[in-house]
Protein chains: 2
Amino acid sequence: MSSTPSRRLNIDNVNPHVREAKYAVRGELAVRSEEYRVKLARGDTDLPFKEVISANIGNPQQLDQKPITFIRQVLSLVENPKLLEHEDVLLNQLGYKTDVIARAKWLLSKIGSVGAYSASNGAPAIRQSVADFLERRDGFPANQADIYLSGGASSGVNTLLHVICEGPKTGILVPIPQYPLYTASLSVLNATCVPYYLDETKNWATDLSAIKKACADAKAEGVDVRAIVIINPGNPTGASLSEEDVCSVIKFASEEGLVLMADEVYQTNVFSGEFHSFKKGLRLLQKENPGKYDHVELASLHSVSKGMVGECGHRGGFFEVCGFDPKVQAEIYKFVSITLCAPVIAQCCVELMVNPPQPGEPSFELYDKEYNGIYNGLKERAYALWRAFEKMEGVECGEPQGSMYLFPTINLPAKAIEAAKAEGRSPDEFYCLKMLEATGVCVVPGNGFGQHEGTFHFRTTFLAPGTEWVGSIISFHENFMKEYR
Amino acid sequence: MSSTPSRRLNIDNVNPHVREAKYAVRGELAVRSEEYRVKLARGDTDLPFKEVISANIGNPQQLDQKPITFIRQVLSLVENPKLLEHEDVLLNQLGYKTDVIARAKWLLSKIGSVGAYSASNGAPAIRQSVADFLERRDGFPANQADIYLSGGASSGVNTLLHVICEGPKTGILVPIPQYPLYTASLSVLNATCVPYYLDETKNWATDLSAIKKACADAKAEGVDVRAIVIINPGNPTGASLSEEDVCSVIKFASEEGLVLMADEVYQTNVFSGEFHSFKKGLRLLQKENPGKYDHVELASLHSVSKGMVGECGHRGGFFEVCGFDPKVQAEIYKFVSITLCAPVIAQCCVELMVNPPQPGEPSFELYDKEYNGIYNGLKERAYALWRAFEKMEGVECGEPQGSMYLFPTINLPAKAIEAAKAEGRSPDEFYCLKMLEATGVCVVPGNGFGQHEGTFHFRTTFLAPGTEWVGSIISFHENFMKEYR
């Protein structure tokens, strides 16, 4: 008698590198919060809150952020070019401006149809627009052939890590705390993550001595450290690098022969100081020291997902490479070819982000008002949340700097740490789960981003409107401390 | 004196698995054809043709295929929901129908904004729509929890192979000729491709004895063969499996413990016979043999890229899994979470594909006319091209069956094979390059898909309108044979 056949795939024989990957931003708490949302939607009243607040993910338009009118008007026309047969209706009855119509016509003349594949690295005209933007931003030339349009920055990171990582011994320096895309992708690729810690005592500044030590230690263990990731402004920390810090990191990368990967998706979410791009830093160093930095390889990434554009659902982004060997670029091209091209409507969205209406153009006034409104709203909410944290016992949080997140330390009492242990959870996970159960606010435990042993944090976005949810966190925290103090 | 520092990355130290991957559909010939296109666009007159025809890639809307009005109207409204404040203008002046408006409102009520991330596996309401479609198509239930919306089918294949492949010894049976996504993805993943040959003498039918032999041979070499890919209808061959063939493959997979991966993206591009889904085949077998096939795991893929929808630039698709272990599904969910979600506007496009206007609804008449017009146009062109091949010396091609391609054999004279060798090219590559240089028509050599040793083919789409380009292939072939006969 033969045994009953069983399934071929089980948790023990799937790809071990996928199994080992962790991605807490959409992990257990996020899944639980979706269950609560379903319960509330069907009218259940047994939860102690009326609304789920997804503060676990930088998803601006899921919360309060409205899309920018100019962008959506153009996209509606490239989706349905037949509307362009009715210019008078668009202009006189639907609030479209002449520059919206002109941009849609221009895009369509370059891409043909948003329903057609583009070149694997993106539509040439859109890559040229990106190059022009980078040139304006940095004051140095950019070449469209070095630009790759991607499905969000995540897909760009995936491409770059795929090409860079030669094998299990390849090491990539990754800041801790970090956005878990990096550790998860390195796990899937079976390469080595070499963590370097940001300096919490200096509001999460990039600490060159920590990078040097991490790099040297890894090399001593036989790791082929070949790239360094910098998230600037930081996720989850919001910290922006000064021009000096940017240049020190480039100098270090130059000495050590490291490829620079600058994740600059929060470049417009800066509340204190200003954004300094790695591209500009590199070109300045090259200008001041002829020949000395010509061998430095930099890949910098940007996206339509964050900032005032906030169009993450469209999955648009790009990266630029500087100093790469043409044969390596050919490998990048081949790799992106395998999945054909980034969504073409998302490529259009990238174009609209990098080439917005200018003063004097018909759409400028509304665009400018919307853009500044979003910026100021984010800043206000960041400070409101920060002030709330300032008042909470055992919670420490630096002043908001940038990105869409705050990443406070929570000093948890011993009793809470024990209770967590009894449940088989890390203390920060335990705290965040209790918060979700009590308030419906979903945040991400610090261990999803990495933190020093024995310290506990959580990451929360400050995207949600209103103050009620902030109040609910305050009262939850008071009750939690009462119970476990 | 220290040596000049050099770049860190070069062709010899990048990821060897990326380096070894081949993807001919967008390879050298495609790049060359783009150069010709640029030359023609700037007015150069030294080429022997006036137009480049991209017959290398199934990109319907780059050529003649027009988008379906219903789809694009709805998408324009979800991109710019403010248009919904002007229903009278939409209805009375812009040709929108009430069902277009209703659908856009419904989608927006479910997804919020297309600028927001959805759940990692796709918006629940859209997954439900897909499940309803599968249920109507197959006559068996489908569960939205088993459906994953993806960025085109390519991204779905990437996800599935990532989870299934445990290591270098994992073998996946892949039909030859095949769409190179499979071999390229397996190369990048460093897993083993186990080729099985389709039977050209039976118009590229799936030959179970060839599958059995390939599987047994690989197992004998220590390969852990754990999945079989079936492309139905075939790419590049167009061959559709009969219901009997579908069931034989399922039975074999059941006996051998193989996961079935059914690539069904051409399911509506069928000109002879009809499409039989693997899902239906599996459920029928399960119904007729209670308990016997319950352990079979099937993943089937579909996309908005092909068929009469042809919206490949949007990068929308989905896959359904049947019989998978919930813990394995959790790994799939985690993997797709790392890149957040498929483009939300593409998810909407999937919804519109699976849930088109029905008879009696306001948009039906136009939709039906457009859909049938595209179908009939493709069929006519396929036959026109086939008839041309029939007349060409040394060219053999089966009658068109499905997909968007013909894959003729070319019997190349010895002199041509020598000339190719002298240039360091395979004979089919040599032939296709000569065709491109003479006619501007870009096709893909058979070696990009795989073919029996010593046989030569090329793949061409039959998407391009008109007959002039077909005529130019005929005269090129005559001249080629004159020169090398």
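Residues numbered from 1 in each chain as written. Chains lettered and ligands numbered in written order. Predicted model: local features only at pLDDT ≥ 70, side-chain atom pairs only at ≥ 80, totals over all residues. Heavy atoms only, no water.

Under an unreviewed UniProt entry, chain A has the name Glutamate pyruvate transaminase and belongs to Cytospora schulzeri. Under Cofactor (unreviewed entry), UniProt gives the following word-for-word description of chain A: "pyridoxal 5'-phosphate". In the Sequence similarities (unreviewed entry) part of its UniProt record, chain A is described as follows: "Belongs to the class-I pyridoxal-phosphate-dependent aminotransferase family. Alanine aminotransferase subfamily." (UniProt positions renumbered as here; feature names shortened; annotations may be inferred.)

J.: Outline the domain arrangement of chain A, supporting the account with residue identities and numerical values.
T.: Residue and element names in this part refer to chain A. Entries for chain A in the domain assignment read domain 1 (16-63 + 370-484) and domain 2 (117-354). Put simply, the middle of domain 1 and the middle of domain 2, counted by C-alpha atoms, are 28 Å apart. At the interface, 36 residues of domain 1 touch 36 residues of domain 2. Across the contact surface, domain 1 and domain 2 share 0 salt bridges. Taken together, domain 1 and domain 2 are joined by 19 residue pairs in polar contact (both at pLDDT 80 or more). Of all elements in the fold, only α1 (16-20), α14 (364-391) and β10 (405-406) reach the threshold of two or more residues within the side of domain 1 that touches domain 2. When residues of the side of domain 1 that touches domain 2 are assigned to their parent elements, the largest contribution, 6 residues, is made by α14. (Domains from an automatic or database assignment. Contact = heavy atoms within 4.5 Å. Salt bridge = Lys/Arg side-chain N within 4 Å of Asp/Glu carboxyl O. Polar contact = N/O pair within 3.5 Å; in protein donor to acceptor, adjacent residues only side chain to side chain. Helix = DSSP H or I, 4+ residues; strand = E, 2+ residues; numbered from the N terminus.)

J.: So what about the sheet that holds strand β7 (residues 298-303) of chain B? Which residues, and what values?
T.: Residue and element names in this part refer to chain B. The sheet built from 7 strands is open, its strands ordered β2-β8-β7-β6-β5-β3-β4 with mixed pairing. If you trace the sheet from one side to the other, it starts and ends with β2 (147-150) and β4 (192-197), each paired once. Ignoring which end each strand starts from, the neighbouring axes of this sheet average 20 degrees apart. Running at roughly 15 degrees to strand β8 (residues 317-322), helix α11 (residues 278-288) makes contact with β5 (224-231), β6 (259-263), β7 and β8 of the sheet. (Pairing = 2+ DSSP bridges. Axes fitted to C-alpha atoms, helices over the stretch in contact; angles between N-to-C directions.)

J.: Just give me the short version of the pattern of salt bridges, but keep the residues and values in it.
T.: Should the charged atoms of two oppositely charged side chains come close, the side chains can pair. Using the criterion set out here, one finds 46 salt bridges over all chains in the structure. In this structure, E28 of chain B engages R425 of chain B in a salt bridge whose closest nitrogen and oxygen atoms are separated by 3.0 Å. With E28 of chain B in helix α2 (residues 28-41) and R425 of chain B in the loop between α15 (414-422) and α16 (427-439), the pair connects residues that are 397 residues apart, well separated along the chain. Residue R425 of chain B is classed as buried on the basis of its relative accessible area of 18%. Taken together, the salt bridges that share partners define one network made up of E28, R32, E423, R425, E429 and E437 of chain A. (Buried < 20%, exposed > 50% of the residue type's maximum accessible area, 1.4 Å probe, protein only.)

J.: If you had to explain the interface of chain B and chain A to someone new, which residues and values would you point to?
T.: Listed as interface residues are 95 residues of chain B and, on the opposing side, 95 residues of chain A. Summing both sides of the interface, chain B and chain A together bury roughly 7,800 Å²; the carbon and sulfur share of this comes to 57%. Between E79 of chain B and R72 of chain A there is a salt bridge, with its nearest N and O atoms 3.9 Å apart. Counting across the interface, chain B meets chain A through 55 residue pairs in polar contact (both at pLDDT 80 or more). At the level of elements, α1 (16-20), α3 (69-79), α4 (87-93), α7 (152-164), α8 (181-189), β5, α12 (326-338) and α13 (344-354) of chain B are the ones that each hand at least two residues to the side of chain B that touches chain A. Sort the elements by how many residues they give to the side of chain B that touches chain A and α12 of chain B lands first, with 9 residues. When the residues that make up the side of chain B that touches chain A are grouped by side-chain class, the tally is 43 nonpolar, 30 polar and 22 charged. (Buried area = accessible area lost by both parts, 1.4 Å probe. Nonpolar A, V, L, I, M, F, W, Y, C, P; charged D, E, K, R; others polar.)

J.: Describe the packing of aromatic side chains, listing the residues and the values that go with them.
T.: A full pass over the atoms with the stated rule returns 36 aromatic pairs over all chains. Each ring, one from F430 of chain B and one from Y484 of chain B, has its centre 5.6 Å from the other, and the planes form 80 degrees; the classification is edge-to-face. With F430 of chain B in helix α16 and Y484 of chain B in helix α17 (residues 468-484), this residue pair connects regions lying 54 residues apart in the sequence. The two residues F430 of chain B and Y484 of chain B agree in class, both being buried. In textbook terms, an aromatic cluster arises when at least three aromatic residues are bridged by ring pairs, as seen for F389, F430, Y431, F458, F476, F480 and Y484 of chain A. Sitting over the face of the ring of Y405 of chain A, R459 of chain A holds its NZ or CZ atom 3.8 Å from the ring centroid. (Phe/Tyr/Trp six-rings, centres within 6.5 Å; stacked < 30°, edge-to-face > 60°. Lys NZ or Arg CZ within 6 Å of the ring centre and 35° of its normal.)

J.: Let's hear about the relation of the copies chain B and chain A: which residues, and what values?
T.: Overlay of chain B on chain A (RMSD 0.0 Å): rotation 180 degrees, translation along the axis 0.0 Å. This pairing of chains is accounted for by a two-fold axis. Identified as the residue of chain B closest to the rotation axis by C-alpha distance is S76 of chain B, at 2.1 Å. The overlap is high: 100% of the interface residues of chain B also sit at the interface in chain A, so the same surface is used on both sides. (Least-squares fit on C-alpha atoms with pLDDT ≥ 70 in both.)

J.: Summarise the sheet that holds β10 of chain A; cite the residues concerned and give the values.
T.: Residue and element names in this part refer to chain A. Read from one edge to the other, the open sheet built from 3 strands follows the order β10-β14-β13, with strand pairing classed as antiparallel. Unpaired on one side and paired on the other, β10 and β13 (444-445) mark the two borders of the sheet. Examined bridge by bridge, β10 and strand β14 (residues 458-461) share 2 bridges and lie antiparallel to one another. Bridged to L406 within β14 is T460.

J.: Got a sec to walk through the UniProt feature "domain: Aminotransferase class I/classII large" (unreviewed entry) in chain A? Specific residues and values, please.
T.: Mapped onto the present numbering, the UniProt feature "domain: Aminotransferase class I/classII large" (unreviewed entry) falls at residues 103-467 of chain A. In residues 103-467 of chain A, helix accounts for 43% and strand for 15%; the two terminal C-alpha atoms are 39 Å from one another.

J.: So what about the packing of helix α5 (residues 98-111) of chain B against α13 of chain B? Which residues, and what values?
T.: Residue and element names in this part refer to chain B. Interaxial distance between α5 and α13 falls to 12 Å at its minimum, and their mutual angle equals 130 degrees. If you check the angle between α5 and α13, you find them oblique. Considering how the two elements wind past one another, α5 and α13 form a crossing that is right-handed. Contact with α5, carried on its side by R103, W106, L107 and I111, involves V344, C348, E351 and L352 of α13 and no other residues of that element. (Parallel < 35°, antiparallel > 145°, perpendicular 65-115°, else oblique. Left-handed = near helix turned anticlockwise from the far one by under 90°.)

J.: Please provide a residue-by-residue account of the nonpolar core, values included.
T.: The biggest cluster of nonpolar side chains holds 269 residues, and the ones touching the most others in it are F318 and Y431 of chain A together with F318 and Y431 of chain B. Element by element, the count of residues in this core is highest for α14 of chain A, at 10 residues. Each residue touching Y431 of chain B, except ones within four places of it in the same chain, is listed here: M392, I410, L412, F458, F476, H477 and F480 of chain B. (Core = buried A, V, L, I, M, F, W, Y, C linked by side-chain atoms within 4.5 Å.)

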